[in-house]
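Tertiary structure, described
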Amino acid sequence: MLHLVSGQALFSSCSPKVCVVGSGPGGFYTAQHLIKARPDVELDIYERLPVPFGLVRFGVAPDHPEVKNVINTFTQTAKHSRCNFYGNVNVGRDVTINELKEAYHAVVLSYGAEGNRTMGVPGEDLAGVYAAKDFVGWYNGLPNCRELNPDLSCETAVILGQGNVALDVARILLAPISMLKSTDITQPALEALAQSQVRRVLIVGRRGPLQIACTIKEIREMVNLPGTKPEMLPADFEGISEVLKDVPRPRKRLTELMLKTALETPGEKELERRKSASRSWGFRFFRSPVEVLAEPRTNKTSAIRLAVNRLEGSGADAQAVLTGEVEDVTCGLVISSIGYRSLLIDPGLPFDSRKAIIPNSMGRIQHTPGVYCSGWVKTGPTGVIATTMNNSFDTARSMMEDMDSGALDVSAVKSGSQSITALLRGRGVKPVTFADWEKIDSVETKKGEAEGKPREKLLSVEEMLQVAQT
Amino acid sequence: MGLVTALRCLKPRCWSRTVTAAWSGWKGGERSFTTGKQLRSDNKVTVNFINRDGDRITVKGSPGESLLDVVINEDLDFDGFGACEGTLACSTCHLIFDEEMYKKLGPVTDEEMDMLDLAYGLTDTSRLGCQICLSKSLEGMVARVPESVADIRQTKDGSS
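The rules behind each value
- Residues numbered from 1 in each chain as written.
- Chains lettered and ligands numbered in written order.
- Predicted model: local features only at pLDDT ≥ 70, side-chain atom pairs only at ≥ 80, totals over all residues.
- Heavy atoms only, no water.
- Helix = DSSP H or I, 4+ residues; strand = E, 2+ residues; numbered from the N terminus.
- Buried < 20%, exposed > 50% of the residue type's maximum accessible area, 1.4 Å probe, protein only.
- Areas by Shrake-Rupley, 256 points an atom, 1.4 Å probe, with all protein chains shown as cover.
- Polar contact = N/O pair within 3.5 Å; in protein donor to acceptor, adjacent residues only side chain to side chain.
- Pairing = 2+ DSSP bridges.
- Axes fitted to C-alpha atoms, helices over the stretch in contact; angles between N-to-C directions.
- Contact = heavy atoms within 4.5 Å.
- Buried area = accessible area lost by both parts, 1.4 Å probe.
- Salt bridge = Lys/Arg side-chain N within 4 Å of Asp/Glu carboxyl O.
- Nonpolar A, V, L, I, M, F, W, Y, C, P; charged D, E, K, R; others polar.
- Core = buried A, V, L, I, M, F, W, Y, C linked by side-chain atoms within 4.5 Å.
- UniProt positions renumbered as here; feature names shortened; annotations may be inferred.
- Phe/Tyr/Trp six-rings, centres within 6.5 Å; stacked < 30°, edge-to-face > 60°.

Quick word on the overall build of chain B
- Of regular secondary structure, chain B possesses 6 helices and 5 strands.
- Listed N to C, the secondary structure of chain B is α-α-α-β-β-α-β-α-α-β-β in terms of helices and strands.
- Here chain B holds 160 residues, and 49% of them are scored as buried.
- For chain B, the exposed surface amounts to about 8100 Å²; the carbon and sulfur share of it is 54%.

So this is what it looks like as structure tokens:
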């Protein structure tokens, strides 16, 4: 895309300096778009961990390696002459947003959503209850989650939520170890799953089949998961096929797949396969968590109490309304997958705590000129990588408009990373460069090779820094 | 671009079909590679892309290449196109065809449909570029690159 630069910026004696906070898809796609669109922009990406790529590394399931191919395009961006990566820098603690605003013409916040939406029910803190974000972080090697040690010694696991994260968790809990051991799942998680006694996973949603939030690919993966059989309740699907003809194709195909799995009598081959399956999974609809119940002696999770709902309205706007009935489901593992949540990293920024996003208009943060946002901290924690990509390009375009119109003044000389790295040095913070990350990458890849895995991730910040900086 | 091109050559869906056939032939003692032939220019297929600004870009590709291959090889600058590098893990190589051309493109697998279902601005004549393999019968095809964001501010004169 050829971008016409306004006369003022073209003949400015300094180049616009922009910094991006967060090196996941939000940060990298914003950086990529800015570098491509303006031949003079210099870009620094700050990342809290020593390793880049955010949820591409820590969120995408180990058995979805193709989704991680975006790392290649991010790597190209990071290695561009006008881009620099600074890992191991905690914005908010090691350096403030104000200090970044001083040093750069513009700051882009793309630090995602590292918190959880809580269920807000009694028993949520019991042993055996985990947030999906932490469970995923555990099997994906997020340093903060390595001590999770989830208890997998029970037969039934209940997952609250029916988005793609919930489906990922179900699939990782039930996948054959032979499938998992050639992925980049962490070694401790692989060993724990090899010993797991979980044989049945229920994926529970407040509303009905037509409101399910996951996508068809993930459902198809469950239906085809070797060694497992589906366990649905036909009653949950009453009246569904009648309304399908007017529904848009994506929702229609997804629902048809569920209907087929729940209602159709399987052929001989499938019947045989199901007979020999030792693990099962199913969706449960119209249920909301009310309480997690504990076994009195051990205080470990023994069941979950669910409220029975009915639907008011239809389609995407249907509401779940309590009927007053409850139902207890025996289980030893409860995983709540009801959404991630952004946190506020600097009290000087506006924050909408209801939506848990930074209030903004097309990426321009409200009441804060020169500061922008992209990714989940801008729009909320939903969407696949492509969604974030578009969202980031959008923010980049807003910034470019502002540079062109003069709303963002890029004529003053700014010190950029020169002053920030000096500041960090003074505070004893040693940033990890992209070349340093490549040392970590190389160690992980080599370790993985020895085990037939694409990589064996380093699991602690200390180990990462040791490899990066010696 | 080099790295991405290299990776594409390793695993394009169209080539994997031809290469698998060729390899199994080779294992049995016969060779049926057709690579040599495809380098001749008279075998090229003309493809017209309509980009997001409405401009027509005409390029040539070789039979067996996917439309994603063509976009990459010809350095066509479509923002965010082909994020997953042709592995059916995204919908960013979404292209729209006219009815007649769409019918010529052949059947769509469930796998492709599943990802296509996630594309913004999905139509009845949409396909994923990484799954369309060129052949002489598609000579002169027109493929439109649809908008990928809800907020359309890509007018050339800078007005929003």
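Comments concerning the environment of A:Asn360
Residues and elements named next belong to chain A.
- With respect to the helices, strands and loops of the structure, Asn360 is situated in strand β16 (residues 360-361).
- Overall, the relative accessible area of 19% leaves Asn360 in the buried class.
- Of the polar contacts made by the side chain of Asn360, one reaches the backbone oxygen of Ile358; its length is 2.9 Å.

Brief notes about the sheet that holds strand β12 (residues 301-312) of chain A
All names here are of chain A.
- As summarised here, the arrangement of the 3 strands in space is β11-β12-β13, forming an open sheet in which the pairing is antiparallel. Strands at the two margins of the open sheet, each flanked by one partner only, are β11 (287-294) and β13 (319-330). Across the sheet, the mean angle from the axis of one strand to that of its neighbour is 20°, orientation sign disregarded.
- For β11 and β12, the ladder comprises 7 bridges, and the chain directions are antiparallel. Its bridge partner lying in β12, Val292 is registered against Ile304.

Brief notes about the interface of chain A and chain B
- Each partner contributes to the interface: chain A provides 27 residues, whereas chain B provides 29 residues.
- Between chain A and chain B, the buried area comes to about 2600 Å², and carbon and sulfur atoms account for 50% of it.
- Considering only the surface of chain A that becomes buried against chain B, A:Arg249, A:Arg253 and A:Arg397 emerge as the three largest contributors, covering 21% of it.
- The interface formed by chain A and chain B contains 8 salt bridges.
- Of the charged contacts in the structure, one is a salt bridge between A:Arg220 and B:Asp110, with a shortest N-O distance of 3.7 Å.
- Scanning the region where chain A abuts chain B turns up 10 residue pairs in polar contact (both at pLDDT 80 or more).
- At 8 residues, the largest contribution of residues to the side of chain A that touches chain B is made by helix α15 (residues 385-405) of chain A.
- When the residues that make up the side of chain A that touches chain B are grouped by side-chain class, the tally is 10 nonpolar, 7 polar and 10 charged.

Quick look at the sheet that holds strand β9 (residues 228-230) of chain A
Residue and element names in this part refer to chain A.
- Here we have 6 strands laid out as an open sheet, ordered β6-β14-β7-β8-β10-β9, and parallel in their pairing. Taken across any chain shown, the strands that pair with only one partner, and hence form the sheet edges, are β6 (129-131) and β9. Averaged over all pairs of adjacent strands, the angle between strand axes in this sheet comes to 20°, irrespective of strand direction.
- Here helix α6 (residues 132-139) sits on the sheet in contact with β6 and β14 (333-336), set at roughly 80° to β6.

A short note on the pairing of β14(A)
All names here are of chain A.
- Residue alternation in β14 divides its side chains into two sets, Leu333 and Ile335 and Val334 and Ser336, and both sets are buried.
- When β6 meets β14, the two strands line up parallel, connected through 3 bridges. Across the sheet, residue Val129 finds its bridge partner in β14, namely Val334.
- Bridge count for strand β7 (residues 156-160) against β14 is 4 bridges, and the pairing is parallel. Counted as the bridge partner of Leu160 is Ser336 from β14.

Considerations on the nonpolar core
All names here are of chain A.
- Ranked by internal contacts, the top residues of the largest apolar core, which has 54 residues, are Leu173, Val201, Ile203, Ile219, Phe283 and Leu333.
- Take this core: its biggest share by element is 7 residues, from helix α7 (residues 164-174).
- Ignoring any residue separated from it by four or fewer positions in sequence, one finds Ile219 in contact with Leu167, Cys214, Leu254, Leu257, Met258 and Phe283.
- Counting 47 residues, the second-largest nonpolar core is a separate cluster that includes Val67, Ala106, Tyr372 and Met389.

Side note on the UniProt feature "binding site: FAD" (unreviewed entry) in chain A
All names here are of chain A.
- The UniProt record marks Glu47, Leu55, Val91, Trp376, Gly383, Val384 and Ile385 with the feature "binding site: FAD" (unreviewed entry), using the residue numbering of this structure. The greatest C-alpha distance among the annotated residues, which extend across 339 residues, is 25.2 Å, indicating that they are dispersed rather than converging on a single site.
- Mapped onto the secondary structure, Ile385 falls in helix α15.
- Residue class for Ile385 comes out buried when judged on its relative accessible area of 15%.
- If near-sequence neighbours (up to four positions away) are discounted, Ile385 is found in contact with Pro25, Tyr29, Val56, Val60, Val67 and Val70.

Overview of the packing of aromatic side chains
Residues and elements named next belong to chain A.
- Per the counting criterion, the structure on display carries 19 aromatic pairs over all chains.
- Ring geometry for Tyr29 against Phe393: centres 5.8 Å apart, planes inclined by 90°, an arrangement best described as edge-to-face. Of this pair, Tyr29 sits in helix α2 (residues 25-37) while Phe393 sits in helix α15, and the two are 364 residues apart along the sequence. This pair shows no difference in class: Tyr29 is buried, exactly as Phe393 is.
- Here the aromatic residues Phe28, Tyr29, Phe53, Phe74, Phe85, Phe393, Phe434 and Trp437 are joined through ring pairs into a cluster of three or more.

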